[in-house]
Amino acid sequence: MEKDFGGFKGILIIGLGIIGGSLALALRKEGYKGKIYGFDLNKNRIEKALELKAIDEGYDFYEMIPWENIDFVVLSTPVKTFESIALKIKPFLKDDTVISDVGSVKGDLVLRLYEILKPHVFVGVHPIAGTEKEGIENAKYDLFKNARLILTPVGEDREKIEKVEKFWKDIGSKTEIMDPHLHDFVFASVSHLPHAIAFALVDSLIVLSKETGIDLFKYPGGGFKDFTRIAASSPTVWKDIFLENKENVLHTIDVFEKSLERLKEAIKKEDEKEILNILSESREKRMSLD
Ligand SMILES: NC(=O)c1ccc[n+]([C@@H]2O[C@H](COP(=O)([O-])OP(=O)(O)OC[C@H]3O[C@@H](n4cnc5c(N)ncnc54)[C@H](O)[C@@H]3O)[C@@H](O)[C@H]2O)c1
Ligand SMILES: O=C(O)C(=O)C[C@]1(C(=O)O)C=C[C@@H](O)C=C1
């Protein structure tokens, strides 16, 4: 099928971070012919986006944006900013402009955004791709290529939902539709919990270093570094994800605590059979990935 990026002629990306920036670069790389507008509260990000030729025009005041040219808006800021941004931009939107996002949490948030923005159509999107880096200075044009991308539409506007799906397919993502609440349980388990544990693991070493007076951070090998790469992720982005997906994150932490407790008990009792059971089952699962 011919590439038309959903037929959108003018795209506004709000938030020129690693994800918003990578989206702009991917559009260029994949041959998008329309105009790309960028918005960010941080002027340095706008300058960098212009320097990289990722965007055609950049703004830090909504009033200045040529809204008549924009038929697709993508929210790419931390998830807790989405609702206030939606309220701010709504008065400027053309009737047929579609609004979407790239946020890591969906659930009730997409229902609230849908209500705030109607009669405009909002379609929730989550690309399952990223790194621990932040800002457009770390953006990659191929971040979304062959990556899974979840759409969590609410409402019945098939035509606009399909336009958003085609937009991402033309960038090279593998799209999948999911219920927004199911999405939040799944990604609490496979993404939010691992980030919480990685941050907490680094914190454990801070505590142990203070307790002992030994700078444990001088000694990590590959194991600790591999395990905690994601603890270098943006605190602002992850604070918002944990709070916006609070119930699921708390539940998955409870389950993790029980798993850790099971291993702890087996070690305490020197129960070799139980230790081997836990490690073998986990190793088998981990090896079946990819
Ligand atoms: N980083 C990842 O791995 C990843 C992956 C998938 C989805 N996401 C989601 O993508 C979104 C963006 O994350 P990121 O990693 O690109 O973050 P980032 O920190 O790299 O970029 C966020 C940008 O938003 C700007 N910003 C913050 N508040 C703003 C506001 N109120 N108005 C305008 N601009 C504002 C910041 O100045 C920054 O340039 C988040 O919702 C996140 O959950 C992130
Ligand atoms: O690879 C990483 O650094 C990521 O954290 C990417 C990752 C993930 O957990 O897999 C992080 C958040 C997203 O919403 C999607 C992807």
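In this numbering scheme, every chain counts its residues from 1 along its sequence in written order. Chains carry letters and ligands carry numbers; both start at the beginning, A for chains and 1 for ligands, and go up in the order they are written. Totals for whole chains, interfaces and linings use every residue, but because this is a predicted model, local features are given only for residues with pLDDT of at least 70 and side-chain atom pairs only at 80 or more, for both listing and counting. The basis for the side-chain values is all heavy atoms of the structure; hydrogens and waters are excluded.

- As recorded by an unreviewed UniProt entry, the protein carries the name prephenate dehydrogenase and is attributed to Sulfurihydrogenibium yellowstonense SS-5.
- In its Pathway (unreviewed entry) section, the UniProt record describing the protein reads: "Amino-acid biosynthesis; L-tyrosine biosynthesis; (4-hydroxyphenyl)pyruvate from prephenate (NAD(+) route): step 1/1."
- UniProt positions are given in the numbering used here, feature names are shortened, and annotations may be inferred rather than shown by experiment. Quoted verbatim from the Sequence similarities (unreviewed entry) heading of the UniProt record, the comment on the protein is "Belongs to the prephenate/arogenate dehydrogenase family."

### Observations concerning the overall build of the protein
Alright, step 1. Helix and strand labels come from DSSP, where a helix needs a run of H or I of at least four residues and a strand needs a run of E of at least two; each type is numbered from the N terminus. If you tally the helices and strands in the protein, you get 10 helices and 9 strands.
Alright, step 2. Residue contacts follow a heavy-atom distance rule, with two residues in contact if any of their heavy atoms lie within 4.5 Å. The long-range share in the protein, meaning contacts at least 24 apart out of those at least 6 apart in sequence, stands at 72%.
Alright, step 3. Accessibility throughout is a Shrake-Rupley quantity obtained with a 1.4 Å probe, and a residue counts as covered only by protein chains that appear here. In the form shown here, the protein has an accessible surface area of approximately 15900 Å², with 55% of it arising from carbon and sulfur atoms.

### Considering the site of ligand 1
Alright, step 1. Near is defined per residue: the residue qualifies when any heavy atom it owns lies within 4 Å of the molecule or strand. Residues in close proximity to ligand 1 total 29 residues, the closest being Asp-40, Arg-45, Thr-77, Ser-104 and Gly-135.
Alright, step 2. Any N or O atom pair separated by 3.5 Å or less is treated as a polar contact, with the protein-specific requirement of one donor-capable and one acceptor-capable atom, and with residues adjacent in sequence counted only for side-chain atom pairs. Gly-135 is positioned such that a nitrogen or oxygen atom in its backbone is 2.7 Å from an oxygen atom of ligand 1.
Alright, step 3. For ligand 1, whose free accessible area comes to 830 Å², the fraction covered by protein is 87%.
Alright, step 4. For the shell around ligand 1, the secondary structure elements donating two or more residues are helix H1 (18-29), helix H3 (82-89), strand E7 (125-127) and helix H8 (235-244).

### Remarks on the sheet that holds E7
Alright, step 1. Ordered in space as E7-E8-E9, the 3 strands form an open sheet in which the pairing is mixed. The sheet is open, and its two edges are formed by E7 and strand E9 (174-177), each paired on a single side. Each strand axis lies, on average, 20° off the axis of its neighbour in the sheet, ignoring direction.
Alright, step 2. Bridge count between E7 and strand E8 (residues 148-151): 3 bridges; the pairing is antiparallel. Looking at the pairing, Pro-127 lines up with Leu-149 of E8. One requirement defines pairing of two strands: DSSP has to find at least two bridges between them. Axis lines are fitted through C-alpha atoms, for helices just across the contact stretch, and the angle between N-to-C directions can take any value from 0 to 180 degrees.

### A short note on the sheet that holds strand E6 (residues 121-123)
Alright, step 1. Reading across from one edge, E3-E2-E1-E4-E5-E6 is the order of the 6 strands in this open sheet, with parallel pairing throughout. Each of the sheet's edge strands pairs with one partner strand only, and the pair in question is strand E3 (57-59) and E6. Between one strand axis and the next, the sheet turns through 20° on average, direction left out of account.
Alright, step 2. One ladder, built from 4 bridges, connects strand E4 (residues 72-75) with strand E5 (residues 98-101); its direction is parallel. When the sheet's bridge partners are listed, Phe-72 is paired in E5 with Val-98.
Alright, step 3. Packing against the sheet, H1 makes contact with strand E1 (10-14), strand E2 (35-39) and E4, and its axis sits at approximately 155° to E1.

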